[in-house]
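Secondary and tertiary structure notes
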Amino acid sequence: MAAEPSLAQTPPLAGDAADAFVRRRGLLATVQHVLHRFPVLSPAAVLALAFIVFGFFNSNECGPRSCGAAFRSGATVGQMLQATAVMATLAVGQTLIILTAGVDLSVGASMILVHLIIAKLVADQGMPGLLALIVGGIVGMTLGAFHGFLVTKISLPPFIITLGTFYMFQSAGLVYSKAQTTSEEQINGILTFTGKTFDVFGIPINYGVVVALLLYAVMAYVLANTAWGKHVYATGNDKEAARLAGIDVTRVLISVYTVAGLVYAIGGWVQLGRSLSASSNAATDVNLESITAVVIGGTSVFGGRGRIIGTLIGAAIVAVFDKGLSLFGVDPQLKNFAIGALILVAVALDQWIRKVGK
């Protein structure tokens, strides 16, 4: 049966065995082994380095106040947290799917469709906000289960399936909303609760950030401490081996896509609080950003390896690079270049790490 859903795909070396390993393979191999056991270390190092660079360097772009001081300010940190809440939430669902060696290109379209449905039910049908959120959750799970059905029963590649549903869900959202925006006055209440803020040591934080962090905590526990979590890792690591070990791979995959759909619905709620409105043009970049956060965070695109905390770090890296480069007056296209380079480095590093012991 596949390994436990911890980072340890290879048992730790200790004592004389560790010394022998270092002597035989050298420092580089030791680093490879450590990163294989703890893939979160590399994105954590990138995040720390980025924060140091942006937090303490200066530029003429910021005028009399240093860019570093502006970057370290509570207001800027709060802005980064709030701007990242939606993408970080959606990245939880994306992580589950990538852990099973899949990918979801429709994550943003799913979220937008669900948040439009929630808003319209309240604004046009007079449905209570809490009930509308429940309906939105059911819709999100249905969309996810549809993906799971196509992956398992029709045996279509997740990339192709979600590319197709991206266009389907996007079109459905436009038709359903008639390309109109639902304003805050029409949905004010529990639907926009995630946009309310409070201060922590001078940093303004909205409840959408709290929802995202709670979601990470719950999913981290589930993946690490439940049979379902172990089956997710086993399925992503080797589907055939998992099947031979008695795991119902079909059920696992359908459940993963269904849970991811529920997460996207929660992301729609966070988006409503973030924008204080519902629009078919909301959060247009989150499809690729969610994948970026997962990959940079150390989850293997080949499945079976990674931790949810890594995704949170990856989301933070995207936010830090975006805000930091903006403060330093870097051309937006170069910001995208930097993020793209990080993705390539992360995937190359993952391939190198997976060769440990070979």
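Above this text sits the structure in question.
Residues numbered from 1 in each chain as written. Predicted model: local features only at pLDDT ≥ 70, side-chain atom pairs only at ≥ 80, totals over all residues. Heavy atoms only, no water.

1. A closer look at the packing of aromatic side chains
Counting across every chain of the model gives 4 aromatic pairs. Centroid distance F193 to Y207: 4.7 Å. Interplanar angle 25°. Geometry classified as stacked. One end of the pair, F193, is in the loop between α8 (184–187) and β1 (197–200); the other, Y207, is in helix α9 (residues 207–225), with 14 residues separating them in the sequence. An aromatic cluster is built from F193, F198 and Y207, whose rings are joined through pairwise contacts. (Phe/Tyr/Trp six-rings, centres within 6.5 Å; stacked < 30°, edge-to-face > 60°. Helix = DSSP H or I, 4+ residues; strand = E, 2+ residues; numbered from the N terminus.)

2. Quick word on the pairing of β1
When β1 meets strand β2 (residues 203–206), the two strands line up antiparallel, connected through 4 bridges. Residue V200 lies in a different strand from β2, and its bridge partner there is I203. Once β1 ends, the chain turns through 2 residues before running back antiparallel as β2, passing F201 with a positive phi of about 55°. (Pairing = 2+ DSSP bridges.)

3. Topic: the side chain of S42
Considering the arrangement of structural elements, one finds S42 in helix α2 (residues 41–56). Here S42 is in contact with L35 and L349, once residues within four sequence places are set aside. (Contact = heavy atoms within 4.5 Å.)

4. Regarding the environment of E289
By the secondary structure assignment, E289 is in helix α13 (residues 286–296). Taking C-alpha positions, E289 is 8.9 Å from A88, a pair spaced 201 residues apart along the chain.

5. Looking at the nonpolar core
F54, L223 and F321 are the most contacted members of the largest nonpolar core, which totals 81 residues. When residues in this core are grouped by element, the largest group, 13 residues, is from helix α4 (residues 74–99). Setting aside anything within four residues of it in sequence, one finds F321 in contact with V46, A50, F54, A338, I339 and L342. In terms of nonpolar packing, the next biggest core, distinct from the first, is built from 5 residues, V103, L105, I291 and V295 among them. (Core = buried A, V, L, I, M, F, W, Y, C linked by side-chain atoms within 4.5 Å. Buried < 20%, exposed > 50% of the residue type's maximum accessible area, 1.4 Å probe, protein only.)

6. Quick look at α9
With 19 residues, α9 should reach 27 Å at 1.5 Å per residue; the first-to-last C-alpha distance of 27 Å fits that figure. Where the residues of α9 are buried, they touch α4, β2, α10 (227–237), α12 (249–275) and α14 (308–327). (Expected span 1.5 Å × (residues − 1).)

7. A few points about the packing of α9 against α10
Following both chains from N to C, one finds α9 and α10 inclined at 75°, their axes separated by 5 Å at the closest point. Regarding the angle of α9 to α10, the classification is roughly perpendicular. For the pair α9 and α10, contact is made by M219, V222, L223 and N225 and by A227, W228, G229, K230, V232 and Y233, respectively. In terms of residue class, the contact of α9 with α10 is made up of 7 nonpolar, 2 polar and 1 charged. (Axes fitted to C-alpha atoms, helices over the stretch in contact; angles between N-to-C directions. Parallel < 35°, antiparallel > 145°, perpendicular 65-115°, else oblique. Nonpolar A, V, L, I, M, F, W, Y, C, P; charged D, E, K, R; others polar.)

8. Here we look at unusual backbone geometry
One non-glycine residue, A179, adopts positive backbone phi at about 60°. Among the secondary structure elements, A179 is positioned in the loop between α7 (158–177) and α8. Given a relative accessible area of 54%, A179 falls into the exposed group. Even without being glycine, F201 reaches a positive phi, approximately 55°. Relative to the assigned elements, F201 resides in the loop between β1 and β2.

9. Some points on the packing of helix α5 (residues 107–123) against α13
As a packed pair, α5 and α13 sit with axes 7 Å apart at the nearest point and diverge in direction by 125°. One way to sum up the angle between α5 and α13 is to call them oblique. Here V107, G108, A109 and M111 of α5 come into contact with α13, specifically with V286, N287 and S290. Taken together, the residues of the contact of α5 with α13 break down into 4 nonpolar, 3 polar and no charged.

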